Protein chains: 2
Amino acid sequence: MPELRKDPIIGRWVIISTERGKRPTNIGRPERRVHPHACPFCPGNETATPPEIIAYRKDGSEPNKPGWTLRVVSNKYPALIIEGSLTREPQGIYDRMNGIGAHEVIIETPLHEMDLADLPAVQIRDVLWAYRERYLDLQRDHRFKYIMMFKNQGEPAGASVEHSHSQLIATPIIPKRVAEELTGAKKYYDYKERCIFCDIIRQELTDQDRIVAETDSFMAFEPYASRFPFETWLLPKAHMSSYIETEIDMHTELAVILKEVLLRLKQGLADPSYNYILHTSPVGDEYREYFHWHMEIIPKLTRVAGFEWGTGFYINPTRPEDAARFLRELTIPKETISVW
Amino acid sequence: MPELRKDPIIGRWVIISTERGKRPTNIGRPERRVHPHACPFCPGNETATPPEIIAYRKDGSEPNKPGWTLRVVSNKYPALIIEGSLTREPQGIYDRMNGIGAHEVIIETPLHEMDLADLPAVQIRDVLWAYRERYLDLQRDHRFKYIMMFKNQGEPAGASVEHSHSQLIATPIIPKRVAEELTGAKKYYDYKERCIFCDIIRQELTDQDRIVAETDSFMAFEPYASRFPFETWLLPKAHMSSYIETEIDMHTELAVILKEVLLRLKQGLADPSYNYILHTSPVGDEYREYFHWHMEIIPKLTRVAGFEWGTGFYINPTRPEDAARFLRELTIPKETISVW
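Residues numbered from 1 in each chain as written. Chains lettered and ligands numbered in written order. Predicted model: local features only at pLDDT ≥ 70, side-chain atom pairs only at ≥ 80, totals over all residues.

(A) View of the overall build of chain A. Looking only at helices and strands, chain A features seven helices and 15 strands. Against the 2.2 N^0.38 benchmark of 20 Å for 340 residues, chain A shows a C-alpha radius of gyration of 20 Å, consistent with a compact globule. Taken along its principal axes, the extent of the C-alpha atoms in chain A is 50 × 50 × 40 Å. A total of 340 residues make up chain A; the buried ones form 50% of that total. Intrachain contacts of chain A at a sequence separation of at least 6 include 69% that bridge at least 24 residues. (Helix = DSSP H or I, 4+ residues; strand = E, 2+ residues; numbered from the N terminus. Rg over C-alpha atoms; globule rule 2.2 N^0.38 Å. Buried ≥ 20, exposed ≤ 12 C-beta atoms within 10 Å, placed from the backbone. Contact = placed C-beta atoms within 7 Å.)

(B) Region of the structure containing the sheet that holds strand β11 (residues 218-221) of chain A. Residues and elements named next belong to chain A. Spatial strand order, β3-β4-β7-β9-β8-β13-β14-β12-β11-β10: 10 strands in an open sheet with antiparallel pairing. Single-partner strands in this sheet number two, and they are β3 (52-57) and β10 (211-214). Each strand axis lies, on average, 15° off the axis of its neighbour in the sheet, ignoring direction. Two elements, strand β8 (residues 146-153) and strand β13 (residues 273-279), share five bridges in a ladder whose sense is antiparallel. Within the sheet, the bridge partner assigned to Phe150 lies in β13 and is Ile277. The strands touched by helix α2 (residues 121-138) within the sheet are β3, β4 (68-74), β7 (102-107), β8, β9 (165-171) and β13, with β4 carrying the most contacts at an inclination of about 35°. Most of the contacts of helix α4 (residues 196-207) go to β11, to which it runs at about 75°, and overall it touches β10, β11, β12 (232-236) and β14 (294-300). (Pairing = 2+ DSSP bridges. Axes fitted to C-alpha atoms, helices over the stretch in contact; angles between N-to-C directions.)

(C) Region of interest: the environment of Leu265(B). All names here are of chain B. Tracing the backbone through its elements, the reader meets Leu265 in helix α5 (residues 248-268). Along the sequence, Leu265 and Ile337 sit 72 residues apart, while their C-alpha atoms lie 14 Å from each other. In contact with Leu265, other than residues within four places in its own chain, are Phe230, Pro272, Tyr274 and Pro299.

(D) Up close: the packing of α2(A) against helix α5 (residues 248-268) of chain A. Residue and element names in this part refer to chain A. Put simply, α2 and α5 touch, their axes get as near as 8 Å, and they point 115° apart. With respect to the hand of their crossing, α2 and α5 are arranged in right-handed fashion. Mapping the contact onto sequence places Ala121, Ile124, Arg125, Leu128 and Trp129 in α2 and Ile248, His251, Thr252, Leu254, Ala255, Val256, Leu258 and Lys259 in α5. A breakdown of the residues in the contact of α2 with α5 according to their chemical character gives nine nonpolar, two polar and two charged. (Left-handed = near helix turned anticlockwise from the far one by under 90°. Nonpolar A, V, L, I, M, F, W, Y, C, P; charged D, E, K, R; others polar.)

(E) Region of the structure containing helix α7 (residues 320-329) of chain B. Residues and elements named next belong to chain B. Residues of α7 that are buried: Pro320, Ala323, Ala324 and Leu327. What you see down the axis of α7 is that its buried residues fit within an arc of 95°, all on one side. Next to the buried residues of α7 lie β10 (211-214), β11 (218-221) and α5. (Arc of directions from axis to C-beta.)

(F) Summary view of helix α3 (residues 176-192) of chain A. Residue and element names in this part refer to chain A. Between its first and last C-alpha, α3 extends 24 Å over 17 residues, near the 24 Å set by a 1.5 Å rise per residue. Looking at α3, one finds that the buried residues are Val178, Glu181, Leu182 and Ala185. An end-on view of α3 places all buried positions within 100° of arc, on one side of the element. Across α3 from its buried face, at more than 90 degrees, point the exposed residues Asp190 and Tyr191. Residues of α3 that are buried sit in contact with β8, α4 and β13. Phi for Glu193, located one or two positions after α3, is positive at around 60°. (Expected span 1.5 Å × (residues − 1).)

(G) Focus on unusual backbone geometry. Residues and elements named next belong to chain A. Backbone geometry places Gln208, a non-glycine residue, at a positive phi of 70°. Inspection of the secondary structure puts Gln208 in the loop between α4 and β10. Despite not being glycine, Ala270 shows a phi value in the positive range, around 55°. Within the secondary structure, Ala270 is located in the loop between α5 and β13.

(H) Fine view of the domain arrangement of chain A. Residues and elements named next belong to chain A. Structurally, chain A comprises domain 1 (3-175) and domain 2 (177-337). In this assembly, 28 residues from domain 1 lie in contact with 28 residues from domain 2. Put simply, the parts of the chain that give the side of domain 1 that touches domain 2 at least two residues each are α2 and β8. For the side of domain 1 that touches domain 2, the leading source of residues is α2, giving nine residues. Split into classes, the residues belonging to the side of domain 1 that touches domain 2 amount to 19 nonpolar, four polar and five charged. (Domains from an automatic or database assignment.)

(I) The environment of Pro110(A), seen in detail. All names here are of chain A. Secondary-structure assignment places Pro110 in the loop between β7 and α2. Counting along the chain gives 43 residues from Pro110 to Gly67, while the straight-line C-alpha distance between them is 8.6 Å. In contact with Pro110, not counting residues within four places along its chain, are Pro43, Trp68 and Thr69.

(J) Just the nonpolar core, in detail. With 93 residues, the main nonpolar core has Ile147(A), Ala220(A), Leu234(A), Ile257(A) and Val261(A) as its most contacted residues. Once residues within four sequence positions are removed from consideration, Leu234(A) is found in contact with Phe218(A), Ala220(A), Ile257(A), Leu258(A), Val261(A), His294(A), Met295(A) and Ile297(A). Among the nonpolar cores identified, the runner-up in size contains 92 residues, and Tyr314(A), Phe41(B), Leu262(B) and Leu327(B) belong to it. (Core = buried A, V, L, I, M, F, W, Y, C linked by C-beta atoms within 7 Å.)

(K) Spotlight on the pairing of β11(A). All names here are of chain A. Burial along β11 is two-sided: the residues Phe218 and Ala220 and Met219 and Phe221 are all buried. Here three bridges tie β10 to β11, and the two strands are oriented antiparallel to one another. Residue pairing for β11: Ile211 is matched across the bridge by Phe221. Here β10 folds back onto β11, and the loop between the two strands holds three residues.

(L) Examining the environment of His292(A) more closely. Residue and element names in this part refer to chain A. Relative to the elements of secondary structure, His292 occurs in the loop between β13 and β14. A tally of 27 C-beta atoms within 10 Å means that His292 is categorised as buried. Along the sequence, His292 and Ser281 sit 11 residues apart, while their C-alpha atoms lie 7.6 Å from each other. Not counting the four nearest positions on each side in its chain, His292 is found in contact with Cys195, Phe197, Cys198, Leu235, His239, Met240 and Ser241.

Shown next, in the form of structure tokens:
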């Protein structure tokens, strides 16, 4: 059973999950490219994963058989497990609880060779919609305080399977990074009575020099104090604290701008590995005046990250304004990011 | 001029340093091993670095000429620069200041082929002593609030030059990670009236199962809530909030245990890249009842780090107790870690 252990000094919970360490590809050098017929996420290999939780199928095909366009399954090597009780307890001066949670994999496409950025926008919309659908299901479990959706693209960014997928982790605690954002945003709200993200949006739309892409309802920009070169945030322009407030009609537009941003990064930075993480309001308190959901996209550019990783001190060698201009000025053919 | 920019939401300062981005080896793939005669840190190439700030020389040789055993120079590609004034100012809703600070390189040995772990303990003692000596000089500059000593060993850990070296950065702000530790430790002290690190030491000495190495005055252990596999902390057993309280007689012992820990990591984990960071009390307020200096050593094991890096959520696949036993049970010949 995985464990959650609390750092006694700064209060951060860490998952100790030895099962996950036994994953065949977890330790060591990058594995060779898996031939599709051996890929657990490819059609025809449905039995190589735990049974599907949901799947999108257009042809009325059977569960756990080919025919799906998107599939959500439990992670075969979960960081947290769903069965059991939390059991908070002391261990000397330390604190621990059982590693209860959900860890799911969203298989984004049946096509092994396709990256998320290359999928039609409608397929990306389905991925984004699946996040929301899984969220709405998992939020009913009162043990969960937070549901985090994220994607690791490429081995340097931590992906252990090449076939394009995202992940979802539901946790019995609020991750530290999210808690910090909530606290910071609350403090600003208490002082200004405005959402800090809404103020940032206004500032960015005025300055214009950190904007990467924009649609009617969404914008993508390089944050003023970007930690990493080409760090890009994507968020709704109107105040919306939880991702679940984003309805289906907005999801198509979100898919279009996400695709555009990913294509700009891919084209401009020679197909980098990247992570993105969806930051949304915690479970059970989704509607807040002071928080604003957003997606943080971080390309993993070799070398640049080493320094920061080690010291916890961020040194960014690329001005966000320069990164934004570079990305903005790339020519992405309009038809590439059309919906279908 | 580098800039310090503040994240408006969580209050973290980030260095935007484009000069650093122009370093020849900064972006892209690992460079080839530099042949010693082209290495800027090798004897004979002293003019390839800025002039030395201090050097240890046993033979009375001239500054900036061969003959040194250790050399401290300004970083040729500094993240922060020493000349100028801080000039804090708003930029719309954002906050910035000039990137004032010191960024130095400690060249640990004249021998290009030697890792820190392989140096005689007396030479490691000199490295550790140089940290203290530089600290004592830089703390007199009232613009600096924090002085951070750290080492990146190996390209995956962010080292851009192969020749063994550490770095020092003096900053006009307290780095977020340190501020969090101070706040957490203070909270504990306010409640318990004891240093949390001293309590952790007591707990670890009782439990014994996370101890990696021990001397009369120091201990190395795997923290209860380790973020990374084989994350190892090294600290003085007696309360000591600042690294500068550690006198020369203790430095030899510190060098011996640091060498032992680095050798255990090197032998057990096939010579991993690693980072270490010295956490000490901020400048100007070095003597605190609630803080305790320590060194955090983090081997960079491929793949394992990707997940955490992207999500800000730590999943550790190795129980600290298992990591400690593995490291403790390795046979390191006693003569290897002798002082001379």
